[in-house]
Each structure stands twice: as structure tokens, then as C-alpha cells.
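# Structural characterization, general
Below, each chain spelled out in residue letters.
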Amino acid sequence: MSRVLVGVKRVIDYAVKIRVKPDHSGVVTDGVKHSMNPFCEIAVEEAVKLKEKKLIKEVVAVSCGPTQVTETIRTALAMGCDRGIHVEVSGKDYEAMGPLQISKIFAALAKKEEASLIILGKQAIDDDCNQTGQMTAALLDWPQGTFASEVTIDGEKVKVVREIDGGLETIKISMPAVLTADLRLNTPRYATLPNIMKAKKKKIANMKPADLGVDMVSRVEVLRVDEPPTRLAGVKVETVDDLVAKLRANGTI
Amino acid sequence: MNNIAALFKARKALGLCVSGCRSLSSLAELPEMHQMMRQTCRDYADRELGPIAGKLDKEHLFPGQQVRELGAMGVMAVEVPEELGGAGMDYLAYSLAVEEISRGCGSTGCVVSVNNSLYIGPILKFGTQKQKEQWITPFTTGEKVGCFALSEPGNGSDAGAASTLARQEGEEWVLNGTKAWITNSWDASATVIFATTDKSLKHKGISAFLVPMPHPGLSLGKKEDKLGIRATSTANLILEDCRIPLGNMLGPRGSGFKIAMQTLDSGRIGIASQALGIAQAALDCAADYAHKRTAFGNPIGKLQAIQFKLADMAVAVESARLLTWKAAMLKDAKKPFTKEAAMAKLAASEAATFCGHQSIQVLGGMGYVTDMPAERHYRDARITEIYEGTSEIQRLVIAGQLLKEYAP
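Residues numbered from 1 in each chain as written. Chains lettered and ligands numbered in written order. Predicted model: local features only at pLDDT ≥ 70, side-chain atom pairs only at ≥ 80, totals over all residues. Heavy atoms only, no water.

Under an unreviewed UniProt entry, the name given to chain B is Short-chain specific acyl-CoA dehydrogenase, mitochondrial, and the organism recorded is Hucho hucho. What UniProt records for chain B under Pathway (unreviewed entry) is the sentence "Lipid metabolism; mitochondrial fatty acid beta-oxidation." Per UniProt, chain B has the following entry under Sequence similarities (unreviewed entry): "Belongs to the acyl-CoA dehydrogenase family." (UniProt positions renumbered as here; feature names shortened; annotations may be inferred.)

The name given to chain A in an unreviewed UniProt entry is Electron transfer flavoprotein subunit beta, with the source organism recorded as Hucho hucho. Regarding chain A, the relevant UniProt record gives this comment under Subcellular location (unreviewed entry): "Mitochondrion matrix". According to the UniProt record, the Sequence similarities (unreviewed entry) comment for chain A is "Belongs to the ETF beta-subunit/FixA family."

The following block contains the structure:
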């Protein structure tokens with residue numbers, strides 16, 4: 001019976017209106033409501049369901065960031081994870097943190113914890129990278145089942161139904177493996193009050209990237225952040241010929 | 001020495017928490033567990049209750065599925081210990097839960113509050129272990145809800161004048177009489193009911209009983225057609241030689257009035273929380289509209305008339321909320337909380353009716369139609385000034401406590 005690592009990222013809540021900082025270095029995060037990345041919620045739900053089916057033994061929730069991310073880990077514990085790991089990253093390192101650094105951390109943790117599965121959300125709603133799962137698998141040389149809309153464990157193998165552009169693709173991969181959760185994989189549960197109480201007693205271990213031998217230096221530098229251009233009003237036309245003429249006139253065709 | 005004694009007496013007179021209860025600084029930031037609990041209830045209310053609240057109200061539908069889901073989350077039995085099937089949390093957590101649920105749907109908040117405070121509350125406090133297992137545990141999951149039958153057609157505020165009678169016949173109690181305005185009646189599987197066992201002892205001759213529903217000898221009157229909280233059922237309970245085992249008496253004989261009053265004390269915090277949720281929903285609606293609706297060339301939120309209304313609404317809600325939290329924290333610290341609970345219920349219910357009213361005013365014509373929820377908040381708010389002790393009774397309770405503190 002196995003151990004699963006689940007990644008949970010603290011992001012700005014999906015319902016919040018995002019504002020760009022006046023100096024265009026990023027978005028305003030101070031005092032803004034944050035919550036668990038929705039795809040991470042789906043990943044946690046899948047891991048907890050596997051544990052309830054007794055297919056895996058232990059679910060460990062992992063998050064990287066400053067002290068505030070422990071709230072996100074606690075939410076994962078309240079959903080049913082057994083324990084948490086908080087990898088402390090703050091200041092400039094945190095601002096520059098991206099999929100490459102995270103995947104290195106997860107790869108190191110997977111070896112340390114002897115995990116058989118890593119389940120992540122397919123992407124985070126703040127950077128929309130969609131890279132961490134793939135990179136983690138590559139660093140570990142593990143098979144990957146990304147964009148999972150259905151996961152079935154069959155002995156030492158995992159059957160994954162993936163959502164792809166053309167429809168659904170079913171693959172069978174061997175464990176240990178990395179899975180990334182897509183929207184239709186499941187419907188995350190609400191944290192129940194008794195589980196919130198139980199989460200209080202569950203342990204969250206603290207460590208730094210250096211403890212895992214991970215170098216947080218980023219090769220990517222954000223030069224500038226801008227709001228998307230305001231949507232201009234459209235123009236109604238009467239006929240198809242008018243439409244073609246207008247498109248020609250503004251250089252679209 | 002005299003100065004210190006006088007200072008202490010003065011502090012007590014001002015009702016300040018002397019020691020032991022959570023300090024006021026924690027009112028500003030709740031403990032982490034409470035924040036998480038509040039968030040999960042808010043998420044549930046936003047996603048599952050908000051979208052259907054209008055339909056539940058229009059069609060008078062009891063939110064059975066939602067009650068079961070809330071039961072699974074532990075919200076139907078917040079204070080009940082885990083061994084009995086509850087969430088094992090404190091009254092502050094319960095108050096937060098009711099407020100968030102009521103913000104999504106005032107009726108559902110009412111069902112949660114009645115089940116927790118009025119039905120489970122007295123059994124938890126006065127029941128035997130066997131009674132707790134029989135009458136509480138099945139009511140923690142949301143599969144069954146309970147109700148509380150004190151009021152009668154002849155007496156509401158005048159609770160000491162209960163005319164429902166209970167006489168002993170062998171190994172049974174036989175109940176006769178009518179109870180009025182019973183919330184949850186048509187959806188309940190049991191009731192805590194009050195009847196006179198010794199008429200000569202006046203209010204000291206009232207006892208509390210547990211009656212399953214349905215039960216021979218207990219029938220329900222017609223469902224009242226109410227102004228608000230229409231997803232809850234309200235009806236008379238009619239008892240005609242309703243027979244129950246002797247073991248169904250709750251607490252000692254003659255302690256019914258005391259049980260009722262103590263239950264209502266706590267219940268007040270629940271209703272205050274429900275009123276807060278409704279008030280907050282009304283404020284949310286108005287503030288959102290103020291950003292979107294334009295008049296005289298700008299969003300109406302730029303007009304001082306609207307700003308003053310929103311500010312007044314926010315102050316009313318926030319001050320009532322702090323009163324409610326204080327009452328809950330005093331109760332959790334096992335300190336006297338009767339006065340604070342009455343103040344909370346009074347302030348919160350008046351805040352709810354005020355916010356409901358002003359919210360419609362901010363929305364103008366849109367506030368008067370069912371397309372927007374403002375009219376439903378206005379109607380839902382109104383009952384909070386009436387049930388579980390009218391605003392007038394609350395004032396009497398508060399004055400009574402105050403005068404005791406200032407007694408020479």
C-alpha cells in the first residue's frame with residue numbers, strides 16, 4: 001500500500017477582481033482573498049477518495065511558500081489528507097518561484113517520502129503554466145497521466161482517461177507516476193466541521209528547499225505585467241459582403 | 001482596599017468580562033479553526049444555497065437535500081460532542097455557521113438554528129445519556145430534524161401560562177392541548193414540548209417532554225402561509241390524548257419553564273446569527289447594485305445618499321455581529337450571558353429589518369420585484385424581531401439584568 005503526495009497551491013481566489021500593481025511588477029496580493037487553487041482541490045479530493053477506497057495508505061499535502069500557505073495545507077488536511085509538508089520559501093525567492101523550482105522540490109520529496117503517486121492540479125489559475133506535473137515526471141523519469149478526467153488503480157498500474165483536444169485518450173501507466181487533475185475528474189468535498197477539528201491535530205512538517213538540495217534560482221525574470229487591453233466595442237454589419245470588406249479594410253484578411 | 005473593591009464592583013456593573021473568556025482582541029481575528037469553518041459554510045452557502053434560495057421561497061420547498069448535506073458537514077449538530085455524532089465545536093463556531101448559511105438562504109438558516117439550539121440544545125443540557133443517544137444522535141446527520149413546541153394560541157410571550165396539560169396514567173404521560181407557530185413542524189421527526197403537570201404551581205408546574213413525530217394523538221394543523229422564511233413549515237401541533245412513556249420526560253418534573261427559558265437564552269444567539277446573515281445578504285445586494293446601477297451619469301454608489309445608507313447598514317450589521325460573538329464567547333466560557341444574548345438578538349433582528357428595508361430603497365424599483373433577492377431578505381428579516389422572544393421581551397430581559405447590576 002502506498003503513499004501519495006498532493007500539491008496544493010495558495011492562489012488569489014478565483015472570484016477576486018485582479019488588479020495590476022502601479023509599478024507593473026506584478027498583481028496586488030496584499031489584503032486580497034486567497035484560497036486553494038481549484039485544480040489542487042480536485043487533486044486532493046482524488047487522493048482522499050483513493051485512500052477511502054483503501055487503494056493507498058497515506059496522503060501527504062505539500063505546499064511551497066511563506067507562512068500563509070499553511071492555511072492551504074490545513075484546508076487539505078480538513079478535506080482528509082493525513083499530514084502536511086510546508087516547504088518555506090519567502091521574499092524574492094517566492095516571487096520568482098515557478099514550475100521548475102516546484103518540480104525539483106516535488107521530485108526530491110517524492111524520493112524522500114518514497115511516494116508511489118504524485119497528484120497535482122493540471123495548472124494554477126494565477127500563472128496558468130500547466131508545467132509542474134510534466135516537469136516533475138521528467139525529473140523523476142516517471143510516467144505521467146496529465147489532464148486526468150478519470151483515474152483507476154489496477155495493481156501496480158494506473159489507468160488514466162485524459163482530456164485531449166480530440167476527445168478522450170485512455171492510457172495505462174506503471175506506478176510510481178505523476179497525475180495531474182483536470183476539471184471533470186471529481187467534485188471536491190466541503191471540509192466537514194469534525195474534519196476541521198481533526199485537522200488541528202494533524203502534523204505539518206517544516207523544511208526549506210536547501211534541506212532537499214534544491215536551488216531556487218530562477219532562470220526567468222518578469223519584466224512587466226499589464227492588464228489585458230480593454231475590449232473595444234464591436235461593429236454590427238448588415239451583410240456578409242460588408243463583413244468581408246471591413247475585415248479586408250482593417251488588415252485581418 | 002476600598003478603592004479596589006469599588007473598582008471591581010464598577011467593572012462588574014459595566015458587565016465587563018472579568019477574566020477567563022477570550023479577549024476582545026480576538027473578536028477582530030477569529031481563531032484559525034473558526035475561520036476555516038466559516039469559510040466552508042460560506043462556500044456551501046454561496047454554491048449550493050444562493051442559487052436555489054429564490055425557488056425554495058417561491059415554492060415553499062423544505063430544503064431536504066441541503067439539510068442532509070449540511071448534516072454530513074456537521075452543521076446540524078455543531079455543539080454536540082463527537083461521541084454523539086456532532087461536530088464537537090463551540091457556540092461561537094455555531095453562530096458563524098448559522099450566519100453564513102442564513103446569508104445564502106434565510107429559511108435554511110432557520111432550520112439549522114431550530115435543530116441545533118431549540119431541539120438538540122435542551123436535550124444536550126437536561127437529557128439523560130440514554131435520551132441523548134435516542135433523541136440527539138439520529139438528528140445530527142440531517143436525515144431528521146426536530147422542533148420546539150412552547151407557544152400556544154393563547155400565549156406566546158406569556159410562556160408561563162401554558163394551558164397544554166400532561167397527566168400521568170400508569171406508565172404513561174397523556175398530553176392534551178394545542179401548540180402554535182411551531183417551526184419545522186411538518187418536516188420534524190420529534191419535538192421538545194412543554195405541558196403543565198401541576199396547574200397549582202403555575203409556571204413551576206410546567207414540564208418538558210420528548211415526543212416522536214408522527215405519533216398517535218399528535219396531529220398537525222394547516223401550514224401557515226407566511227410573509228417570509230417560506231421554505232420552513234410553521235403549523236399548530238394538536239395533542240389529543242397523546243400517550244408517551246414516562247421516560248420521555250426531559251429533566252425533572254416542574255423544571256419545564258426553566259428549561260424553556262435557558263433554551264431560549266441560547267436560541268437567541270442562533271436567531272441573532274440568522275438575522276446577521278440576512279442583514280449581510282441585504283447589504284451585499286445593495287452594495288453590489290450601487291457599483292453597477294448608473295444614474296445622473298455615474299454609478300449610484302458615488303451619491304452621498306446611497307453612501308450614507310450603506311454606511312448605516314454596515315455599522316448596524318457589524319455592531320450586532322460583535323454583540324453576537326461576545327454573547328457566544330461568554331456562553332463558551334460558561335459565564336452568564338443572558339443580557340448579552342438578548343442584546344445580540346435585539347440588535348441583530350433590528351439590523352436585519354433595517355438592512356432589508358434600506359436594501360430595497362437602494363435598489364429602487366428593482367428592489368420591489370422578485371428578480372432581485374432584496375425583497376426576499378426584507379420578508380425573511382421580519383420574523384427575527386418576533387420569534388424566540390419579541391424585541392419587546394428582549395428589552396424587558398435586558399432592563400431586568402441591567403437593573404439587577406445597578407441595584408443599591
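Our focus in this paragraph is the overall build of chain B. Secondary structure summary: chain B contains 13 helices and 10 strands in total. In summary, chain B has a C-alpha radius of gyration of 22 Å against a globular reference of 22 Å for 408 residues, a match within 12%. Each of the three principal axes of chain B carries a C-alpha extent, and together these read 80 × 65 × 40 Å. Long-range pairs, those at least 24 residues apart, make up 75% of the contacts in chain B between residues at least 6 apart in sequence. Summed over all atoms, the accessible surface of chain B reaches about 17,800 Å², with 57% contributed by carbon and sulfur. The average position of the 44 basic charges and that of the 42 acidic charges among the side chains of chain B differ by 5 Å. (Helix = DSSP H or I, 4+ residues; strand = E, 2+ residues; numbered from the N terminus. Rg over C-alpha atoms; globule rule 2.2 N^0.38 Å. Contact = heavy atoms within 4.5 Å. Areas by Shrake-Rupley, 256 points an atom, 1.4 Å probe, with all protein chains shown as cover. Lys, Arg positive; Asp, Glu negative; His and termini not counted. Charge placed at Lys NZ, Arg CZ, Asp CG, Glu CD.)

Counting residues at the interface gives 14 residues for chain A and 21 residues for chain B. Surface buried jointly by chain A and chain B totals about 1,500 Å² across both partners, of which 67% is contributed by carbon and sulfur atoms. When the buried area of chain A at its contact with chain B is split by residue, Tyr190, Leu193 and Ile196 of chain A rank highest and sum to 48% of it. Along the contact surface separating chain A from chain B lie 1 salt bridge. Of the charged contacts, one joins Arg74 of chain A and Glu32 of chain B as a salt bridge, the two residues approaching to 3.5 Å between their closest N and O atoms. The interface formed by chain A and chain B holds 3 residue pairs in polar contact (both at pLDDT 80 or more) in total. Per-element tally for the side of chain A that touches chain B: the top contributor is helix 6 (residues 193-199) of chain A, with 5 residues. (Buried area = accessible area lost by both parts, 1.4 Å probe. Salt bridge = Lys/Arg side-chain N within 4 Å of Asp/Glu carboxyl O. Polar contact = N/O pair within 3.5 Å; in protein donor to acceptor, adjacent residues only side chain to side chain.)

The peptide bond linking Met175 of chain A to Pro176 of chain A adopts the cis configuration, its omega dihedral lying at 0 degrees. Among the secondary structure elements, Pro176 of chain A is positioned in the loop between strand 9 (167-174) and strand 10 (177-181). Note the cis peptide between Met213 of chain B and Pro214 of chain B, where omega equals 0 degrees. Within the secondary structure, Pro214 of chain B sits in the loop between strand 5 (206-212) and strand 6 (218-220). Of note in this structure, His24 of chain A is not a glycine but carries a positive phi near 60 degrees.

Following the UniProt record, one finds the feature "domain: Electron transfer flavoprotein alpha/beta-subunit N-terminal" (unreviewed entry) at residues 24-216 of chain A. Regarding residues 24-216 of chain A, the helix share stands at 33% and the strand share at 31%, and the terminal C-alpha atoms are separated by 23 Å.

Turning next to the UniProt feature "domain: Acyl-CoA dehydrogenase/oxidase N-terminal" (unreviewed entry) in chain B. On the UniProt side, "domain: Acyl-CoA dehydrogenase/oxidase N-terminal" (unreviewed entry) is annotated at positions that read residues 32-143 of chain B here. Overall, residues 32-143 of chain B shows 71% helix and 0% strand. The separation of its end C-alpha atoms is 29 Å.

On to the domain arrangement of chain B, then. All names here are of chain B. Splitting chain B by domain gives domain 1 (32-145), domain 2 (147-256) and domain 3 (264-406). Each of domain 1 and domain 3 was reduced to a C-alpha centroid, and the two centroids are 21 Å apart. Between the two partners, domain 1 and domain 3, sit 4 salt bridges. Its salt-bridge partner being Arg379, residue Asp57 comes within 2.7 Å of it at the nearest N-O pair. Counting the contacts that link domain 1 with domain 3 gives 9 residue pairs in polar contact (both at pLDDT 80 or more). The set of elements that each furnish at least two residues to the side of domain 1 that touches domain 3 consists of helix 3 (32-58), helix 5 (91-104) and helix 6 (106-126). (Domains from an automatic or database assignment.)

This part takes up the side chain of Thr263 of chain B. Residue and element names in this part refer to chain B. Following the sequence through the fold, Thr263 ends up in helix 8 (residues 256-292). Residue class for Thr263 comes out buried when judged on its relative accessible area of 5%. Setting aside chain neighbours within four positions, we find Thr263 in contact with Ser117, Leu118, Pro122 and Phe148. (Buried < 20%, exposed > 50% of the residue type's maximum accessible area, 1.4 Å probe, protein only.)

Another point: helix 12 (residues 374-382) of chain B. Buried residues dominate helix 12 of chain B, accounting for 7 of its 9 residues. In this structure, the buried side of helix 12 of chain B is in contact with helix 3, helix 5, helix 6, helix 8, helix 10 (338-363) and helix 11 (365-368) of chain B.

In this section: the nonpolar core. Val44 and Leu117 of chain A together with Met37 and Val75 of chain B are the most contacted members of the largest nonpolar core, which has 79 residues in total. Element by element, the count of residues in this core is highest for helix 3 of chain B, at 9 residues. Residues from two domains meet in this core; each of domain 1 (32-145) and domain 3 (264-406) of chain B gives at least three. Excluding anything up to four places from it in sequence, Val75 of chain B contacts Leu193 of chain A together with Cys41, Leu70, Ala97, Ile101, Val112 and Asn116 of chain B. Core analysis: the second largest hydrophobic core is formed by 31 residues, Leu124, Phe139, Ile271 and Tyr387 of chain B among them. (Core = buried A, V, L, I, M, F, W, Y, C linked by side-chain atoms within 4.5 Å.)

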